[in-house]
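Observations on chain architecture
Spelled out, the chains give:
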Amino acid sequence: MTGASRRRLSLRLRPTLRLRLTLLNGVLLVGAGAILVLLAWLLVRDALRPTDELLPGTTVLLADGRSMDAASWQRQLVDSASGELLAKGLAALLAIGTVGVVGAYAVAGRALRPLHQVTATARRLGETTLDQRICYSGADDEVAELADTFDEMLDRIAAAFEAQKRFVANASHELRTPLAVMRTEIDVTLSDDEADAAEYRRMATVVRDASERANSLVDALLVLARSEAQTGRRLGRRTECDLAGGTVNALSAVRREVERIKLDVQTSLEPAPVVGDPGLLDRLAGNLIENAVRYNHLHGRLWVRTGSDGQRSWLVVGNTGFEVDPADVPGLFEPFRRGGRERTGARGSGLGLSIVRAVCDAHGGTVTAVAQPGGGLEVTVNLPAADAVSVADTVSR
């Protein structure tokens, strides 16, 4: 027997759900029928005893003119009736069992047809066929629930694939732009036979700025990947730290830019203890404050608040700036989105809020944003407080 033949035989003989349901139905049906035949046989044997009330030695006259002892006649009658009942009952049980098994096999196959559709759809699925769905239209039962759940899962997978495609396309574009700038500047300068030292210094400055932009983008992508890799898992580093301390450092890093555009900075930095990765938490505060400064305007405002209530710690960063459509706010947390716009050539890589969301997810927290009347945005980060995390860890251990 060849390998292919053995595989086909194993597929035919495997205990499929349809076969098991059919066998279970057949066993229940035949068992119930056997009990009914047994009860009928017992009732007939008990009912066919008319001579028990006659005197011993009484004879009966049969239709053919013969006379027979009543007790012997009764035994023959009971044996004949019992035998006939068993024979016909077993024949009927065999017929009913056969019909029941065949019917159960057909009904089980029809009921399990959506499962075959799920299997066939799953086998056909690929990067180019994620638009296919089961679209079950049968009874509203468990099978329909399974089919609908599978379709919803495919919707989520398709959305994730589309998001990944957009991410790769946007990342490629963002990386290609500074590389194209560098190559253009080098080619133009080298093709100019009259270029002097000043021209070469100008070219070097442009190339340096473009390389710094590319390096910043790569760093941001690495931080985003590191944050998303720890989402739903235990953090690689767990240290008690204060969001207020990271916020002070972030404000210090943007001090010159704040002074340049003359921002009015308002702070209320109460202790906000949390447990997590200090590097990621510092990047979270830094990204929020850098964005609040980058997308602000001359003589604008920047306000920062931190605090804790024992169960959660928060960081609030708000700024004035250009108006943001409330409908665009959820999209701000997607990669390469700047103020609700994709790849507009604005400053920054468009990964700031994406990194903030990934860091919050990795620490079991949440982040929300609200568009401000007149322009600007206020972002609120909520993370489990250090005391709450410590209590939970103690209980889990």
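These lines cover the structure that appears in this document, whether it is placed above or below. Quantities reported herein were computed from a predicted structural model and do not represent experimental measurements.

This structure, assessed with the given rule, holds one aromatic pair. Here the aromatic rings of Tyr-295 and Phe-322 are separated by 6.3 Å at their centres, their planes lie at 85°, and the arrangement is edge-to-face. Residue Tyr-295 is located in the loop between helix H9 (278-294) and strand S6 (301-308), and its partner Phe-322 is located in the loop between strand S7 (312-319) and strand S8 (337-338); the two are separated by 27 residues in the primary sequence. The partly exposed category is assigned to Phe-322, whose relative accessible area is 35%. Over the face of the ring belonging to Tyr-105 we find Arg-18, whose NZ or CZ atom lies 3.7 Å from the ring centre.

Quick look at the pairing of strand S11 (residues 377-384) now. Within S11, seven of the eight residues are buried, which leaves it mostly tucked inside the rest of the structure. Bridge analysis of S7 against S11 gives eight bridges, and the strand direction is antiparallel. Directly across from Val-316, in S11, lies its bridge partner Thr-380. Pairing analysis gives six bridges linking strand S10 (residues 366-371) to S11, with the strands arranged antiparallel. Residue pairing across strands places Val-370 opposite Glu-378, the latter belonging to S11. Between the end of S10 and the start of S11, which pair antiparallel, lie five residues, with Gly-374 showing a positive phi angle near 90°.

This part takes up the sheet that holds S11. The five strands are arranged S4-S6-S7-S11-S10 in an open sheet whose pairing can be described as mixed. Every other strand in the sheet has two partners, leaving strand S4 (264-269) and S10 as the edge strands with one partner each. When the angles between neighbouring strand axes are averaged without regard to direction, this sheet yields 10°. Against the sheet, helix H10 (residues 352-362) makes contact with S10 and S11, and its axis sits at roughly 145° relative to S10, the strand it touches most.

Criteria and cut-off values
Residues numbered from 1 in each chain as written. Predicted model: local features only at pLDDT ≥ 70, side-chain atom pairs only at ≥ 80, totals over all residues. Heavy atoms only, no water. Phe/Tyr/Trp six-rings, centres within 6.5 Å; stacked < 30°, edge-to-face > 60°. Helix = DSSP H or I, 4+ residues; strand = E, 2+ residues; numbered from the N terminus. Buried < 20%, exposed > 50% of the residue type's maximum accessible area, 1.4 Å probe, protein only. Lys NZ or Arg CZ within 6 Å of the ring centre and 35° of its normal. Pairing = 2+ DSSP bridges. Axes fitted to C-alpha atoms, helices over the stretch in contact; angles between N-to-C directions. Contact = heavy atoms within 4.5 Å.

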